[in-house]
Amino acid sequence: MCLGIPGQIVEITDASKLMALAEVSGVRREVNIACVAGTDPADLVGCWTLIHVGFAMSLIDEDEAEKTLEALRGLGEAQETLEAMAQGDAALEAGQ
């Protein structure tokens, strides 16, 4: 099963490569926004997306994002994904 987890785009990190920083429950990670970008990637800052394996797959509204996160927390799925993201970030920082 594929898990898309809601995240909010907080910054465009490289517009030419369609990369942005997304925040998922306090964890920030760089994601590819090619699937959701319009003519100006900066328009996505503040938008909520469903993120899967480093790609923002679709735009969702904040209410849907909150409901999805709550459902995932209830299933325990979100916690596992957030922990994996945090471990990946820690490994990247340690390698720099």
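These figures come from a predicted structure and were not determined experimentally.

In this structure, Ile9, Val31 and Ile33 are the most contacted members of the largest nonpolar core, which totals 16 residues. Elements with a contribution of two residues or more to this core: strand S1 (5–14), strand S2 (19–24), strand S3 (27–32) and helix H1 (62–75). No other element matches the 3 residues that S2 contributes to this core. With near-sequence residues (within four places) excluded, isoleucine 33 lies in contact with Ile9, Ile12, Leu18, Met19, Ala20, Pro41, Leu44 and Ala56.

Let's shift gears to the side chain of asparagine 32. Checked against the element boundaries, asparagine 32 lands in strand S3. Each residue touching asparagine 32, except ones within four places of it in the same chain, is listed here: Lys17, Leu18, Met19, Gly54, Phe55 and Ala56.

Residues Asp61, Glu62, Glu64 and Glu66 make up a contiguous surface patch of negative charge. Checked against the element boundaries, glutamate 62 lands in helix H1. When its relative accessible area of 53% is taken as the criterion, glutamate 62 is described as exposed.

Along a regular strand, successive side chains alternate from one face of the sheet to the other. In terms of strand pairing, S2 meets S3 through 6 bridges, oriented antiparallel. In the strand pairing of S3, methionine 19 is matched with asparagine 32. Connecting the antiparallel pair S2 and S3 is a turn made up of 2 residues, with serine 25 showing a positive phi of about 50°.

Further remarks concern the pattern of salt bridges. Within this structure, the stated rule accounts for 2 salt bridges. Where glutamate 23 meets arginine 28, a salt bridge forms, and the shortest distance between an N and an O atom there is 2.9 Å. Its relative accessible area of 25% is what places glutamate 23 among the partly exposed residues. Among the salt bridges present, the one from lysine 67 reaches aspartate 63, with a minimum N-O distance of 3.1 Å. Separated by 4 residues within a single helix, lysine 67 and aspartate 63 lie in helix H1, roughly one turn from each other. Judged by relative accessible area, which is 55%, lysine 67 ranks as exposed.

Quick notes on the rules
Residues numbered from 1 in each chain as written. Predicted model: local features only at pLDDT ≥ 70, side-chain atom pairs only at ≥ 80, totals over all residues. Heavy atoms only, no water. Core = buried A, V, L, I, M, F, W, Y, C linked by side-chain atoms within 4.5 Å. Buried < 20%, exposed > 50% of the residue type's maximum accessible area, 1.4 Å probe, protein only. Helix = DSSP H or I, 4+ residues; strand = E, 2+ residues; numbered from the N terminus. Contact = heavy atoms within 4.5 Å. Patch = residues over 30% accessible without salt bridge, like charges linked within 9 Å, V, L, I, M, F, W, Y side chains within 5 Å. Areas by Shrake-Rupley, 256 points an atom, 1.4 Å probe, with all protein chains shown as cover. Salt bridge = Lys/Arg side-chain N within 4 Å of Asp/Glu carboxyl O. Lys, Arg positive; Asp, Glu negative; His and termini not counted. Charge placed at Lys NZ, Arg CZ, Asp CG, Glu CD. Pairing = 2+ DSSP bridges.

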